[in-house]
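Residues per chain are reported as follows:
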Amino acid sequence: MKKVYIETLGCQMNKSDAERMLGMLEHLDYTETQNPKDADLLIINTCSIRKLSEDKAYSAIGVWGKWKKNKPDLKIAFCGCVAQQVQKDLFRRAPYVDLVLGTQRLYELPELIKRIENGERVVSCDETPCAEREEIKRVKGVNAWIPIMEGCNNFCTYCIVPYTRGRERSRTPEAILNEAKKALNEGFKEITLLGQNVDSYRSQDAEGKNVNLAELLRRLNALPGKFRIRFVTSYPTDITEELIDTVIELDKVCEYFHIPMQSGDSEVLKKMNRRYDKETYGKICANIRQRIPDVTITSDFIAGFPGETEEQFQHTLDAMSEFELDYSNTAAYSPREKTVAAKWVDKFIPEEVKSERLARLNAHNQQCCLNSNKKYLGKTLEVLVERFDENNGKKVISGRSRNNKMVHAPYDRDITGEFVNVKITDAHTWHLEGEVV
Ligand code: SAH
Ligand code: SF4
Ligand code: F3S
């Protein structure tokens with residue numbers, strides 16, 4: 001049996017792609033190794049959302065390339081979002097790479113691996129998606145990621161994703177339901193539906209009926225057994241009343257929305273080409289909060305977008321508190337080739353100002369997280385146990401509540417995969433503590 005090592009950078013979509021790659025490779029008699037030096041095939045799933053993630057990809061393959069001198073049969077595959085961007089140009093920069101595989105040619109992997117095994121060097125980056133394959137080797141755990149749509153039509157001026165993942169495409173409801181059934185049969189207790197904009201999910205079933213995200217949730221919710229359903233990411237103005245109604249009605253769908261705001265300033269939002277202003281975003285959150293008690297709403301923010309003034313940055317801090325965002329991913333603006341904002345060089349914010357704003361954004365986020373966690377003191381939350389740890393004689397289970405809070409509780413044995421009710425006794429910045437009741 002040959003060995004494959006897969007390194008995955010970037011978002012859940014890349015992690016999900018890696019599970020599919022591993023599934024396909026097992027059929028070609030590869031087993032996974034955690035040690036890259038042991039591998040016959042090295043794969044990197046790259047991310048180009050920021051320069052830093054792109055740099056990581058190049059430095060990893062740089063190291064791998066050197067190993068080829070002593071191991072001439074070693075094969076290296078460069079996949080994911082950076083691959084989709086650089087395509088055949090990668091060979092100039094990294095002549096030791098054997099395969100460049102774009103995001104939309106994932107399912108072509110088995111054929112391409114055979115070709116590189118025969119000594120060919122191959123690039124496959126066409127933007128024509130190939131027919132799906134069903135092999136998946138999921139990372140063990142309680143949660144199964146299931147992509148439902150891929151790509152993006154929004155072209156926010158800072159973002160590379162529309163160029164790396166192509167236009168929006170939705171999978172059929174049958175393919176998604178089959179995948180969910182399999183994951184549940186394998187023992188997974190939570191299904192997280194993935195997409196760059198999940199609310200844009202639109203497909204038709206075999207009978208020709210239109211299926212949107214709300215309808216897809218209804219069909220998944222009807223599957224037997226106790227499990228949870230989540231979906232990420234939502235574009236603010238695409239969240240419909242019908243979707244909120246389904247979240248309320250369906251017992252398996254969790255009270256959790258990830259709705260990136262990006263900036264708390266309406267002028268900046270306009271320049272980002274986001275289709276809402278501060279007030280609209282606020283109304284969307286208020287509506288969800290009013291209709292779904294104890295809902296968690298998380299967000300993403302960018303600090304130091306070109307032209308962002310100190311006052312505009314303050315509006316971002318204000319929005320985080322005003323809309324009681326429970327947690328936010330944060331990043332300093334990173335110019336990306338091909339995107340509109342990358343051309344506004346004269347408006348770029350100096351690196352030191354960006355880092356200073358990012359530090360303040362992070363400090364404020366921590367405060368918001370702590371405030372959000374404190375709301376749960378004394379309340380009882382249903383927790384799906386993800387792990388069991390024993391440290392210095394202390395035995396602890398950890399897992400997530402329906403509203404995606406990390407909860408720790410003392411417990412005498414490993415009950416991973418079970419649901420327990422935990423009464424919250426302590427609130428910290430990144431987690432809650434409590435007792436199983
Ligand atoms: N589709 C999602 C976001 C996907 S990208 C949405 O519309 O919200 C994930 C996050 O990366 C974005 O929410 C944004 O906050 C961040 N991001 C994207 N491009 C960036 C850039 N050029 N610099 C810094 N952060 C960026
Ligand atoms: Fe990027 Fe905007 Fe599309 Fe999200 S909606 S993936 S931020 S272009
Ligand atoms: Fe990165 Fe591509 Fe995901 S750029 S964030 S891996 S869609």
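Residues numbered from 1 in each chain as written. Chains lettered and ligands numbered in written order. Predicted model: local features only at pLDDT ≥ 70, side-chain atom pairs only at ≥ 80, totals over all residues. Heavy atoms only, no water.

Peer 1: Kindly report on the packing of aromatic side chains, identifying the contributing residues and their values.
Peer 2: For the structure on display, the rule yields twelve aromatic pairs. Plain terms: the ring middles of Y276 and Y281 are 6.0 Å apart, the flat faces sit at 40° to each other, and that makes the pair tilted. When sorted by exposure, Y276 lands in the same class as Y281, which is buried. Members of the aromatic cluster, connected to one another through ring pairs, are Y158, F305, Y333, W344 and F348. The ring centre of Y58 lies 3.6 Å from the NZ or CZ of R93, which sits over that ring. The positively charged end of R121 is found above the aromatic ring belonging to F91, 4.1 Å away from the centroid. (Phe/Tyr/Trp six-rings, centres within 6.5 Å; stacked < 30°, edge-to-face > 60°. Buried < 20%, exposed > 50% of the residue type's maximum accessible area, 1.4 Å probe, protein only. Lys NZ or Arg CZ within 6 Å of the ring centre and 35° of its normal.)

Peer 1: Pulling in residues and values, what's your account of empty space enclosed by the protein?
Peer 2: With the rule as written, the count across this model stands at one cavity of 30 Å³ or more. If you go around the largest cavity, the residues you meet are D17, M21, N45, C79, G80, L101, G102, T103 and L106. Every element with two or more residues in the lining of the largest cavity is listed here: helix 1 (12–26) and strand 4 (75–80). Taken together, the residues of the lining of the largest cavity break down into four nonpolar, four polar and one charged. (1 Å grid on protein atoms, 1.4 Å probe; cavity = no way out; pocket = protein on both sides within 12 Å on 5 of 7 lines; lining within 4 Å. Points joined across faces, edges and corners; volume = space filled by probe spheres on them. Helix = DSSP H or I, 4+ residues; strand = E, 2+ residues; numbered from the N terminus. Nonpolar A, V, L, I, M, F, W, Y, C, P; charged D, E, K, R; others polar.)

Peer 1: With reference to specific residues and values, describe the pattern of salt bridges.
Peer 2: Under the defined criterion, the tally for this structure stands at 47 salt bridges. Close ionic contact of E179 with R20 constitutes a salt bridge, the shortest N to O distance being 2.5 Å. With E179 in helix 7 (residues 173–185) and R20 in helix 1, this pair connects stretches of sequence that are 159 residues apart. The two residues E179 and R20 agree in class, both being buried. (Salt bridge = Lys/Arg side-chain N within 4 Å of Asp/Glu carboxyl O.)

Peer 1: Describe the sheet that holds strand 13 (residues 228–232), listing the residues and the values that go with them.
Peer 2: Pairing within the open sheet is parallel, and its three strands lie in the order 7-10-13. The outermost strands of the open sheet, each flanked by one partner alone, are strand 7 (143–147) and strand 13. Each strand of the sheet is rotated relative to its neighbour by a mean of 25°, with strand direction disregarded. Across five bridges, the pairing between strand 10 (residues 190–194) and strand 13 is parallel. By the bridge assignment, L194 is partnered in strand 13 with V232. This element, helix 8 (residues 213–221), spans strand 10 and strand 13 of the sheet and lies at about 160° to strand 13. (Pairing = 2+ DSSP bridges. Axes fitted to C-alpha atoms, helices over the stretch in contact; angles between N-to-C directions. Contact = heavy atoms within 4.5 Å.)

Peer 1: Tell me what's going on with the site of ligand 1, and back it up with residues and numbers.
Peer 2: Around ligand 1, 16 residues are found, and the nearest of them are Q196, P260, Q262, D300 and S334. One nitrogen or oxygen atom from the side chain of Q262 is found 2.7 Å from an oxygen atom belonging to ligand 1. Note that a nitrogen atom of ligand 1 is positioned 2.8 Å from one of the backbone N or O atoms of S334. Protein burial of ligand 1: of its 540 Å² of free accessible surface, 87% is covered by the chains. Mapped by element, the contributors of at least two residues to the shell around ligand 1 are strand 15 (296–303) and strand 16 (327–332). The residue makeup of the shell around ligand 1, split by class, is seven nonpolar, five polar and four charged. (Near = heavy atom within 4 Å. Polar contact = N/O pair within 3.5 Å; in protein donor to acceptor, adjacent residues only side chain to side chain. Areas by Shrake-Rupley, 256 points an atom, 1.4 Å probe, with all protein chains shown as cover.)

Peer 1: Quick rundown of helix 12 (residues 310–322)? Include the residues and the values.
Peer 2: Its 13 residues give helix 12 an end-to-end C-alpha distance of 18 Å, which sits within 8% of 18 Å, the value for a rise of 1.5 Å per residue. Lining the buried residues of helix 12 we find helix 10 (266–271), helix 11 (278–291), strand 15, strand 16 and helix 13 (351–374). (Expected span 1.5 Å × (residues − 1).)

Peer 1: I'd like a description of the sheet that holds strand 6 (residues 122–124), backed by residues and values.
Peer 2: The pairing of strands in a sheet comes from backbone hydrogen bonds and takes either a parallel or an antiparallel form. With parallel pairing, the six strands of this open sheet are ordered in space as 2-1-3-4-5-6. The open sheet has two edge strands, strand 2 (30–32) and strand 6, and neither has a second partner. Averaged over all neighbouring strand pairs, the angle between strand axes comes to 20°, with direction disregarded. The pairing of strand 4 with strand 5 (residues 99–101) spans three bridges and is parallel. Bridging across to strand 5, F78 finds its partner in V100. The strands touched by helix 5 (residues 109–117) within the sheet are strand 1 (2–8), strand 2, strand 3 (41–46), strand 4, strand 5 and strand 6, with strand 5 carrying the most contacts at an inclination of about 165°.

Purely spatial values, then, with no claim about function.
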